[in-house]
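Here's the letter readout for the chains.
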Amino acid sequence: MDYLSRARELSKLLTEYQRAYYVTGRAIVSDMEYDRLFDELLLLEKEHPEIRTPDSPTQRVGSDLSSDFPEVRHSIPVLSLDKAYSDSEILAWIRKTMKNTEQELSFVLEEKLDGFSIVLYYEKGVLSRAVTRGNGSVGNDVTANVKTIYAVPLRLTEPVDIAVRGEVFLKKSEFERINATLMEPYANPRNLAAGTIRRNKSSETAQVPLSIYVYEGFWSESQGFTDHIQILSRLKALGFAVDPHLSFFCRTQEEAKRRLEEASLEGRAGSFDDIPAAIVDYTKARADLPYEIDGLVVKVNELSTRDELGYTEHHPRWAIAYKFEAPQAQTQIMDIDVQVGRTGRITPMARIRETQLSGSTIRNITLHNQDYVNELELAIGDTVAISKRGDVIPAVESVIEKNDLGNTTWKMPKTCPVCKAELVVRGAHHFCPNHDCPAQVKGRLSFFCAKGQMDIEGLGPKTIETLYENGFVRSIGELYSFDFNRLKALEGFGGSEGKKIESMKMAIEQSRKTPFRSVLVSLGIPEFGRKAVDLVCDAGYDDMDKLLDLADRHDTEALSAIHGIGEVTANLIIDGLNSEEIRILVEDLRKAGLRMQDEKDEGPVLEQIFKGQSWCVTGSFENFNPRSKAMDEIKRRGGTEVSGVSRKTSCLLAGSGAGSKMEKAREFGVRIVTEEEFLRMIGSSEAKEEDKAEEQPGLF
Ligand code: IVH
């Protein structure tokens, strides 16, 4: 055999051995045999340099020539991923994506390898370039160094033109071993991997056993793929290493299993219901993985939907990264002061040395309460790590260095910084007990006017401050009696600013028509926010007088019988409605002409035959599907809803398949009403309604 044929033969054998060992993880030849063949090829190439091909397995050892990583333009956009910092955010994203697409979707969950991002370009199946991500459009050519990575195929099993994205990483064990020998050790495997890829001499890169997993492929010609797992499957067949720990989720576990097997991919298969548990499992297994991951990536599997969802400038809309740790920054606590909320709650606020974190400037961070400060043992002057949890709210995570000013753990003041009233402790929080404390009054006014409540434009916290400090408006009621023309005398309101006054007047006028439910929320009763208000109104307590009547009777049971309202909430709502301040406020608002009843758009008012009765509905019905329709009929006739049967329940409307509630009703002697009877009951009230209409023509 001539030397050229022998060299080709050796190349082929060694490529196969390298691939088996570094990509598939099994050795198919002894080390000695491998070394012998390798040395033979090295020698042949040395004697006949012209036979050395760019994909020769000897290229892995690198060279001592210095390279300077010229800049090259990517032929694919190298985008990043949108991020989430909690599993609930991820689940919400999956739900939203499924809702927004018509096609039935499946999802791939991949490990987010904490390494160095690389794009491998192949021409006719031969590695032509390896380019760093750079700015996404232009990166550095690090081909010589990347060729030393055994798991990077230098020649593919097919002569395709393709760009492949992957993550170069260093196993934890290798990191420990190598780092221990370095004069200046690296902080983590990722930094060592990144440093290695940027060595000037590829022979030095070759000393570090880097690995790679690839996760996206871009063919120059359409391959007719319909989904991501097909792409991963083909990448594997072409000779790449694909992370074996991926998961695939679709409608049923059986189908997911079958499709994963068809794609010859390793990994976990499950139905959508299995996703939350899978995320938990990945998080638990993370510490035992041989390499570092900093999160998970969820990707839509269907390529047509990927096209449909498209991209922003930075990231695809069809994928999201779940980052295990929120991004952190280091800063110093310059001061801690307290804020007084509308309920009197005192919140310590850290004023920090201005810091950039995930794209925003942070100056203030809430410290919640004294317990939170105590847990951190936080003092003014301490150097701290801060994070943005859920990428939104900045939080102090830990103290990195104690201050050298002698400051000890910060302590809550004894008195309100605004009105000097002595603070009281309720649960974990301190409160200013003075209902007339200016901070509380202004807070209540601002809350009332804000979006989500009365939404009165032009009356933001700043204007409220002016109105209050000038003695113009000192209570919510006064908002409706104040003559806004008096503002003309104030700087910033008169003159050409007169328009401002006119629009405020208009906004106040319009607010009188605000829906009843928003009026209820704007009372600011603890735990009586939008959700609770909706539940209570939907259950039939849809009128201020009904609610005040309930409060007069201290009927917390009626509220806690509503599905979604617990006992604690029920008590807080009743207490709130019974407080003197709320009673005064309600009367003020009533006088101002605000709505005191839920607006009905369900046709004529029917005879209130179920007034004062509480109804529970169970089972399924022929005429009321979904069964909430039956409950609507009850409420339209003055009845209220309860989710369970108790001694106090007036009636149980039982459809077919009614179970334990029937037994309870029997036990408690609660009247059981069948669908037929119910139809008769509401039919007769409807009939009466018609009678009335006939008696009084022209009424409607
Ligand atoms: S997909 C358009 N999948 O995370 C495709 N990226 O923050 C976007 N990464 O630059 C990338 N593991 O370096 C993807 N399984 C994975 C990944 C992964 C790690 C890195 C990658 C990317 C960064 C985005």
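Residues numbered from 1 in each chain as written. Predicted model: local features only at pLDDT ≥ 70, side-chain atom pairs only at ≥ 80, totals over all residues. Heavy atoms only, no water.

Turning to the nonpolar core, a few remarks are in order. Among the nonpolar cores identified, the biggest contains 76 residues, and Ile-118, Leu-120, Val-146, Ile-162, Leu-235 and Phe-240 are the most heavily contacted of them. Ranked by residues supplied to this core, first place goes to helix α8 (residues 228-238) with five residues. Apart from residues lying up to four places away in sequence, Leu-120 is in contact with Leu-127, Arg-129, Ala-130, Val-146, Val-152, Ile-162, Ala-163, Val-164, Ile-212 and Phe-240. Among the nonpolar cores identified, the runner-up in size contains 57 residues, and Phe-484, Ile-508, Leu-547 and Ala-558 belong to it. (Core = buried A, V, L, I, M, F, W, Y, C linked by side-chain atoms within 4.5 Å. Buried < 20%, exposed > 50% of the residue type's maximum accessible area, 1.4 Å probe, protein only. Helix = DSSP H or I, 4+ residues; strand = E, 2+ residues; numbered from the N terminus. Contact = heavy atoms within 4.5 Å.)

What follows covers the pattern of salt bridges. Tallied over the entire structure, the rule returns 43 salt bridges. Glu-262 is the salt-bridge partner of Arg-258, the closest N and O atoms lying 3.1 Å from each other. Of the two residues, Arg-258 and Glu-262 are both situated in helix α9 (residues 253-262); the distance of four residues between them amounts to about one turn of the helix. Between Glu-354 and Arg-363 there is a salt bridge, with its nearest N and O atoms 3.0 Å apart. According to the relative accessible area criterion, Arg-363 is partly exposed, its value standing at 47%. Look at the salt bridges and you will find they share partners, linking Glu-104, Asp-227, Arg-251, Glu-255, Arg-259 and Glu-302 into a network. (Salt bridge = Lys/Arg side-chain N within 4 Å of Asp/Glu carboxyl O.)

So, on to the packing of aromatic side chains. Two numbers describe a pair of aromatic rings. These are the distance of the centres and the angle of the planes. Counting across every chain of the model gives 20 aromatic pairs. When the centroid spacing of 5.4 Å and the interplanar angle of 85° are considered together, the rings of Tyr-122 and Phe-240 count as edge-to-face. On the criterion of sequence distance, the pair formed by Tyr-122 in strand β4 (residues 116-123) and Phe-240 in the loop between α8 and β9 (247-250) is long-range, its members being 118 residues apart. Among the aromatic residues, ring-to-ring pairing joins Phe-610, Trp-615, Phe-621, Phe-624 and Phe-678 into one connected group. We note Arg-342 situated over the ring of Phe-447; from NZ or CZ to the ring centre the distance is 3.6 Å. (Phe/Tyr/Trp six-rings, centres within 6.5 Å; stacked < 30°, edge-to-face > 60°. Lys NZ or Arg CZ within 6 Å of the ring centre and 35° of its normal.)

Of all the residues in helix α18 (residues 530-538), the buried ones are Ala-532, Val-533, Val-536 and Cys-537. Axial view of α18: buried residues confined to an arc of 130°, hence all on one face. Once α18 finishes, Gly-540 follows within two positions and takes phi at roughly 110°, a positive value. (Arc of directions from axis to C-beta.)

This next bit is on the site of the ligand. Neighbouring the ligand are 16 residues, the closest being Glu-110, Arg-133, Glu-167, Tyr-215 and Lys-299. Here an oxygen atom of the ligand sits 3.1 Å away from a polar atom, N or O, in the side chain of Ser-117. Between an oxygen atom of the ligand and a side-chain N or O atom of Tyr-215, the distance comes to 3.3 Å. In isolation the ligand exposes 530 Å². Once the protein is present, 95% of that is buried. Elements that contribute at least two residues to the shell around the ligand include exactly β3 (107-113), β7 (162-169) and β11 (293-300). (Near = heavy atom within 4 Å. Polar contact = N/O pair within 3.5 Å; in protein donor to acceptor, adjacent residues only side chain to side chain. Areas by Shrake-Rupley, 256 points an atom, 1.4 Å probe, with all protein chains shown as cover.)

Attention now goes to the sheet that holds strand β5 (residues 126-132). Strand order in the open sheet formed by four strands is β5-β4-β7-β8, with antiparallel pairing between adjacent strands. What marks the edges here is a single partner per strand, and that holds for β5 and β8 (211-219). Each strand of the sheet is rotated relative to its neighbour by a mean of 25°, with strand direction disregarded. Pairing of β4 with β7 involves seven bridges; the strand directions are antiparallel. The partner of Leu-120 across the bridge, within β7, is Val-164. Of the strands in this sheet, β7 and β8 are in contact with α8, which crosses β8 at around 120°. (Pairing = 2+ DSSP bridges. Axes fitted to C-alpha atoms, helices over the stretch in contact; angles between N-to-C directions.)

Sheet architecture is open: four strands sit in the order β21-β20-β22-β23, paired in parallel fashion. Whereas interior strands pair on both sides, the edge strands pair on one side only; in this sheet they are β21 (640-641) and β23 (671-673). Examined bridge by bridge, strand β20 (residues 614-618) and β21 share two bridges and lie parallel to one another. Considered in β21, the bridge of Trp-615 is made with Glu-641.

This part is about the side chain of Lys-323. Mapping Lys-323 onto the fold places it in strand β12 (residues 319-323). Side chain to side chain, Lys-323 and Asp-294 meet in a polar contact 3.3 Å long.

What follows deals with the side chain of Arg-165. Checked against the element boundaries, Arg-165 lands in strand β7. Buried Arg-165, no salt bridge; nearest opposite-charge side chain is Glu-167, N-O distance 6.1 Å. The contacts of Arg-165, once residues within four sequence positions are left out, are Ile-76, Val-78, Leu-79, Ser-117, Ile-118, Val-119, Arg-133, Val-214, Tyr-215, Glu-216 and Phe-218. (Lys, Arg positive; Asp, Glu negative; His and termini not counted.)

Our next topic: the packing of helix α3 (residues 87-99) against helix α10 (residues 275-285). Interhelical geometry of α3 versus α10 gives an angle of 145° and a closest axis separation of 11 Å. The two elements α3 and α10 cross, and the hand of that crossing is right-handed. Residues Asp-87, Ile-90, Leu-91 and Ile-94 of α3 pack against Ile-275, Pro-276 and Ile-279 of α10. Across the contact of α3 with α10, the residue classes break down as six nonpolar, no polar and one charged. (Left-handed = near helix turned anticlockwise from the far one by under 90°. Nonpolar A, V, L, I, M, F, W, Y, C, P; charged D, E, K, R; others polar.)

Moving on, we come to helix α13 (residues 438-449). The end-to-end C-alpha distance of α13, which contains twelve residues, comes to 17 Å, matching closely the 16 Å that a straight helix rising 1.5 Å per residue would cover. For α13, the set of buried residues is Ala-439, Gln-440, Val-441, Lys-442, Leu-445, Ser-446, Phe-448 and Cys-449. The elements touched by buried residues of α13 are β13 (328-340), α14 (461-469), α15 (476-479), α17 (516-522) and α22 (580-591). (Expected span 1.5 Å × (residues − 1).)

Inspection of the sheet shows β13 paired to strand β14 (residues 345-357) by seven bridges, in the antiparallel sense. In the sheet register, Asp-335 faces β14, and the bridge partner there is Arg-351. Alignment of β14 against strand β19 (residues 429-431), held across two bridges, turns out to be antiparallel. Residue pairing across strands places Ile-346 opposite His-430, the latter belonging to β19. Sheet topology note: the β14/strand β15 (residues 360-366) ladder contains six bridges and is antiparallel. Its bridge partner being in β15, Gln-356 is matched across the sheet by Thr-361.

Bringing the environment of Glu-633 into the picture now. You can see Glu-633 is positioned in helix α23 (residues 628-636). Between the C-alpha atoms of Glu-633 and Phe-610, which are 23 residues apart in sequence, the distance is 9.8 Å. If near-sequence neighbours (up to four positions away) are discounted, Glu-633 is found in contact with Phe-624, Phe-678 and Ile-682.

Here we take up the state of the cysteines. Tallied over the entire structure, the rule returns zero disulfides. Between Cys-616, a cysteine without a disulfide, and Cys-651, which holds the nearest cysteine sulfur, the sulfur-to-sulfur distance is 11 Å. We classify Cys-616 as buried; its relative accessible area is 0%. (Disulfide = S-S within 2.5 Å.)

Position of Ala-263 relative to the elements: it lies in the loop between α9 and β10 (268-271). In this structure, the C-alpha to C-alpha distance between Ala-263 and Ile-229, residues 34 residues apart in sequence, is 6.5 Å. When residues no more than four places from it in sequence are discounted, the contact partners of Ala-263 are Ile-229 and Ser-233.

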